[in-house]
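Understanding the architecture of this molecule
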Amino acid sequence: MAFITHALAEPDVRGAKPHRKRAAKHVIYSETRSDSMTSIDSSETLAERAQESPAADSILKRIAHGDPQAVNECLNQYGNFLWSLAKRYCGESEAEDAVQEIFVELWRTADRFDSDKASEMTFVAMIARRRLIDRRRRGGRVPDLVSIDDAGCDVAQSGSDDHVELSDEAAKAGECLKKLSEKQQQVLSLSIEQAQPHAVIADRLKMPLGTVKSYARRGLLQLRECMQRPLSVEAT
Amino acid sequence: MSDPSKQNTSGERFNRPEHELLAGYALGDLTESEHETATALLQEEPHRRVFEELERTAAAAQIALRHRVVDPLPANIADVIRRGGLERMSARSAGQGAVTAIVDFARTAVSPPETESQAEVSADFATADFDRAITNLAAARRREWLGWMVAAAAALLAIVMWQRPIQPPEIDGPSLTQRRNELLAKPNVVLASWSAGTTPLPESVDGEVVFDPETQSGFMTFRGLPINSPTKEQYQLWIIDPERDDEPVDGGVFDISSTGETIVEIDAKLKVIDPAAFAITIEKPGGVVVSTQERLPLLAKVGG
């Protein structure tokens, strides 16, 4: 039927695989967080105990299981991050609707989070990006231009002042981003972090739009290839 | 760093032109024509897997590329979000309570007879009263079988209850019928009648859908829609709104428990501006975000 077209593909995170807590290796910047989310179990026995304890479950798992406290924790843990993201993607005037839309989607899809596929933070960021990109494509406002010098983003470093847990894949993404060409890094930073449309990036960087798109798209593909490689190779 | 011999976890190489298109989709930079092409690509599972990996990559990069300024979520917005989350949780808890009660009932109904039966049969064999023992054993097995049947039925019912779409309790408020009638009486609401879709149904179905874009509320009425088995499949509403988007809005999943008149409240996941049509698909339990539209039994065109 032509009148129903495909929305963005649902992440394949369904399934009833047993929850395995991922050991966080990197701490980058933080917002309020619960202690249960920060503990790292080195002993398998302790890890197994943690799996059995509902309190040790991820926030999204607990939301899926109907734990009201997890709603507050979700807001504390991701609220500021998602609000900032929404503002950058949609501008101040639409950010309120956008961030509410993201949280509704999180309540709805919490049971699809699979810690074997991605960290909770990555899942949250993926849901948020999907909603924000969809919103922009529907004709949402393009955010104000920012000076590239003031773009305010760079690859996160361990030991920075703010403290949100950087998952394994995000840490690896950071490492792999550094391996891209300078132009690719610049374009991807403006596209992903600053949420600048590619036409705006082309204007700012005085580059043809096609070139900007190529840098961004191929950069993302290369990033993915890099992230598929073993960590030990990429960490060198 | 580019190595064309590398493959992703889906076994797909990331060096094909369509992958660049999917990367553009994940970055949100597609033109309308590119979007149409990418949408067609996503009909195929291998492309969906690649796209999902690229979405995850972009999300990981989003986190890795930290921003210096993280603004606090305003308290009033946080309150609205919190209330919405807790309301959803409250509705879910109500469903869980019902499931727990059924499971508890099944447990107490089954356990005692098993113990008594086993003890009774053992005693008969011990006293060498074989005929009585065999009779009692058969009776015990029947009781056990009955117990298992009750447990299985209760478990099935529990699963059915669990899978039911969340519907807010209507203890204090007006009934669905009252609310639908009130909405029907309002000016400027959208009204459309159900007609057959692409998937034939055993009996003809009639009914209508009423939707108020102003309040984003609406109701579907069905007469003759077949009862579904929620553990196997559910109905899902899609709202087609070209003013808003060329992708349909998910209107929520629902079940039909009676072929008589059934009213279902619409639960649009996104804001609907000017709906042109409403479509019902049959999906796996819980519904889908991307419908293959393989089974589309009903359609209601506004003004049609």
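The next point concerns the overall build of chain B. The helix and strand tally for chain B stands at six helices and 10 strands. Within the span of chain B, comprising 304 residues, buried residues form 29% of the whole. Long-range pairs, those at least 24 residues apart, make up 63% of the contacts in chain B between residues at least 6 apart in sequence.

A few words now on the pairing of strand β10 (residues 298–301) of chain B. Residues and elements named next belong to chain B. Across two bridges, strand β3 (residues 195–196) lies against β10 in antiparallel orientation. Bridged to S195 within β10 is L299. The pairing of strand β9 (residues 277–283) with β10 spans four bridges and is antiparallel. If you follow F278 over to β10, its bridge partner there is A300.

Here we come to the sheet that holds β10(B). Taken in spatial order, the five strands line up as β3-β10-β9-β6-β7 (chain B) in an open sheet, and their pairing is antiparallel. Each end of this open sheet is capped by a strand with a single partner; those strands are β3 and β7 (249–254) of chain B.

All right, on to the confidence of the model for chain B then. Interpretation of this model should avoid reading the predicted coordinates in detail wherever pLDDT is low. All names here are of chain B. With 66% of its residues at a pLDDT of 70 or more, chain B has an overall mean of 74. Put simply, helix α5 (residues 130–163) is where chain B has its lowest mean pLDDT, 49, and β9 is where it has its highest, 93. Segment residues 1–12 is flagged for pLDDT under 50; beyond a separation of four residues in sequence, or across chains, it makes 25 contacts in the model. Note on residues 158–172: pLDDT under 50 across the span, and 29 contacts to partners over four residues away in sequence or across chains. In the model output, the complex is listed with pTM 0.52 alongside ipTM 0.72.

This next bit is on the packing of helix α8 (residues 182–193) of chain A against helix α10 (residues 209–228) of chain A. Residues and elements named next belong to chain A. Where α8 contacts α10, the two axes come as close as 9 Å, and the packing angle between them is 90°. Here α8 lies roughly perpendicular to α10, going by the angle between them. Here α8 contributes K183, Q184, V187, L188 and S191 to the contact with α10, which in turn contributes V212, Y215, A216, G219 and L220. The residue makeup of the contact of α8 with α10, split by class, is six nonpolar, three polar and one charged.

Let's shift gears to the sheet that holds strand β5 (residues 217–223) of chain B. The strands making up a sheet are joined through hydrogen bonds of the backbone, oriented either antiparallel or parallel. Residues and elements named next belong to chain B. An order of β2-β4-β5-β8 is seen for the four strands of this open sheet, with the pairing classed as antiparallel. The two strands at the open ends of the sheet, each matched to only one other strand, are β2 (190–193) and β8 (261–265). On average, each strand axis in the sheet is inclined to that of its neighbour by 15°, with strand direction left out of account. Taken together, the seven bridges between strand β4 (residues 206–212) and β5 define a ladder with antiparallel strand orientation.

So, how was this worked out
Residues numbered from 1 in each chain as written. Chains lettered and ligands numbered in written order. Predicted model: local features only at pLDDT ≥ 70, side-chain atom pairs only at ≥ 80, totals over all residues. Helix = DSSP H or I, 4+ residues; strand = E, 2+ residues; numbered from the N terminus. Buried ≥ 20, exposed ≤ 12 C-beta atoms within 10 Å, placed from the backbone. Contact = placed C-beta atoms within 7 Å. Pairing = 2+ DSSP bridges. pLDDT = per-residue confidence, 0-100. Axes fitted to C-alpha atoms, helices over the stretch in contact; angles between N-to-C directions. Parallel < 35°, antiparallel > 145°, perpendicular 65-115°, else oblique. Nonpolar A, V, L, I, M, F, W, Y, C, P; charged D, E, K, R; others polar.

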